[in-house]
Amino acid sequence: MKHNAVLALRQHRLDRATRPYRARGCRVLRCEGCLLPQTLCLCDQIIPSQALCRFCLIMFDAEPLKPSNTGRLIADILPDTQAFIWSRTNVDPALLAAIADPTRQPYVVFPAHNAGPNRRVMNHIDINGKPPLFIMLDGTWPEAGKMFRKSPYLAALPILSLDLASVSAYRLRESHGEGHHCTAEVAATLLHQAGDHAAACSLDAYFALFCRRYLAGKSHHNSVQISSAVTTPPV
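We now turn to the structure provided with this report.

What counts and what doesn't
Residues numbered from 1 in each chain as written. Predicted model: local features only at pLDDT ≥ 70, side-chain atom pairs only at ≥ 80, totals over all residues. Heavy atoms only, no water. Pairing = 2+ DSSP bridges. Helix = DSSP H or I, 4+ residues; strand = E, 2+ residues; numbered from the N terminus. Contact = heavy atoms within 4.5 Å. Axes fitted to C-alpha atoms, helices over the stretch in contact; angles between N-to-C directions. Patch = residues over 30% accessible without salt bridge, like charges linked within 9 Å, V, L, I, M, F, W, Y side chains within 5 Å. Areas by Shrake-Rupley, 256 points an atom, 1.4 Å probe, with all protein chains shown as cover. Salt bridge = Lys/Arg side-chain N within 4 Å of Asp/Glu carboxyl O. Lys, Arg positive; Asp, Glu negative; His and termini not counted. Charge placed at Lys NZ, Arg CZ, Asp CG, Glu CD. Buried < 20%, exposed > 50% of the residue type's maximum accessible area, 1.4 Å probe, protein only. Right-handed = clockwise from strand over helix to strand, strands pointing away. Phe/Tyr/Trp six-rings, centres within 6.5 Å; stacked < 30°, edge-to-face > 60°. Core = buried A, V, L, I, M, F, W, Y, C linked by side-chain atoms within 4.5 Å.

Strands belonging to one sheet form pairs held by backbone hydrogen bonds; the direction of such a pair is parallel or antiparallel. One open sheet holds the six strands; their spatial order is S2-S1-S5-S3-S6-S4, and the pairing between them is parallel. One side of each edge strand has no neighbouring strand; the edge strands of this open sheet are strand S2 (82-85) and strand S4 (121-122). Bridging between S4 and strand S6 (residues 159-160) involves two bridges; their strand directions are parallel. Bridging from a neighbouring strand, Met 122 pairs with Leu 160 of S6. The strands touched by helix H1 (residues 5-15) are strand S1 (54-59) and S2; relative to S2, the strand with the most contacts, the crossing angle is about 25 degrees.

Take a positive patch on the surface next. Taken together, the side chains of Arg 88, Lys 146, Arg 149 and Lys 150 present a region of like positive charge at the surface. Position of Lys 146 relative to the elements: it lies in helix H4 (residues 141-149). Classification of Lys 146 as partly exposed rests on a relative accessible area of 33%.

Most of helix H5 (residues 183-193) is tucked away: eight of the 11 residues are buried. Of all the residues in H5, the buried ones are Thr 183, Ala 184, Glu 185, Val 186, Ala 187, Ala 188, Leu 190 and Leu 191. Gly 195, located one to two residues past H5, shows a positive phi value of around 90 degrees.

Moving on, we come to the pairing of S1. Counting buried residues along S1, five of its six residues qualify, which places the element largely inside the surrounding structure. For S1 and strand S5 (residues 132-138), the ladder comprises six bridges, and the chain directions are parallel. When the bridges of S5 are listed, Met 59 appears paired with Asp 138. When S1 meets S2, the two strands line up parallel, connected through four bridges. Across the sheet, residue Cys 56 finds its bridge partner in S2, namely Gln 82. With respect to chirality, the unit in which S1 leads through helix H2 (residues 71-77) into the neighbouring parallel S2 is right-handed.

Here we come to the packing of aromatic side chains. Applying the stated criterion across every chain yields a total of six aromatic pairs. Centre to centre, the rings of Phe 110 and Trp 141 are 6.2 Å apart; their planes meet at 45 degrees, and the pair counts as tilted. Note that Phe 110 is positioned in the loop between strand S3 (105-109) and S4 and Trp 141 in helix H4, a separation of 31 residues in sequence. Put simply, the rings of Phe 55, Tyr 107 and Phe 134 pair up and form one aromatic cluster.

Turning our attention to the nonpolar core. Core analysis: the biggest nonpolar cluster contains 41 residues, and Phe 55, Phe 134, Met 136, Leu 190, Leu 191 and Leu 203 have the highest contact counts within it. Put simply, the parts of the chain that give this core at least two residues each are H1, S1, H2, S3, S5, H5 and helix H6 (197-229). Top element by residues in this core is H6. It accounts for nine residues. Apart from residues no more than four positions distant in its own chain, Leu 190 is found in contact with Phe 55, Val 109, Phe 134, Met 136, Leu 160 and Leu 162.

Given below as structure tokens:
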């Protein structure tokens, strides 16, 4: 099993939990590394890449616990990815230090229509500027919106708003709107924009494999449930 910042955050969240977290498919025996069913483990397919840009994931409370989370895939491919549990007031000092790093330009990755009238909005990174730090708000769309609105420590940072024309390939959760993409898909686009094409291709391929195996695990679990529910009719 490989370790990364999201898995460490997941363990921290489990350690302070007062009751077991029961995600969908909680009865499935899962690999502790990729969180897929053990028979579909893809840990041996993880090949870390190098990139000039860096990612910082700010995750809503239970997001690191969810097997369907794709922020974890970014941390698998890019081991220097940082991850933090979101808090409006009790902010991790390491998160504030990452934002204040003078060697990087931080961007809050979020749709432009959520920006206030005086907020700086960009559609592309400054290719002549400092290496980017992409701050990703990782949760459901309502949760991401709450993090965006209620994080004063992000308010002075520019928004990077992407126009992703492609249809999302993410089918592991219900979408909250047309044009929404999951965290890993957005990250791959950002890597391409930053010129980190090898890392982008690695993340794209890993995301596609993850989705296939996750859905295969759901199909197997559902078929077992259906077959176990069949009863012999009375004679």
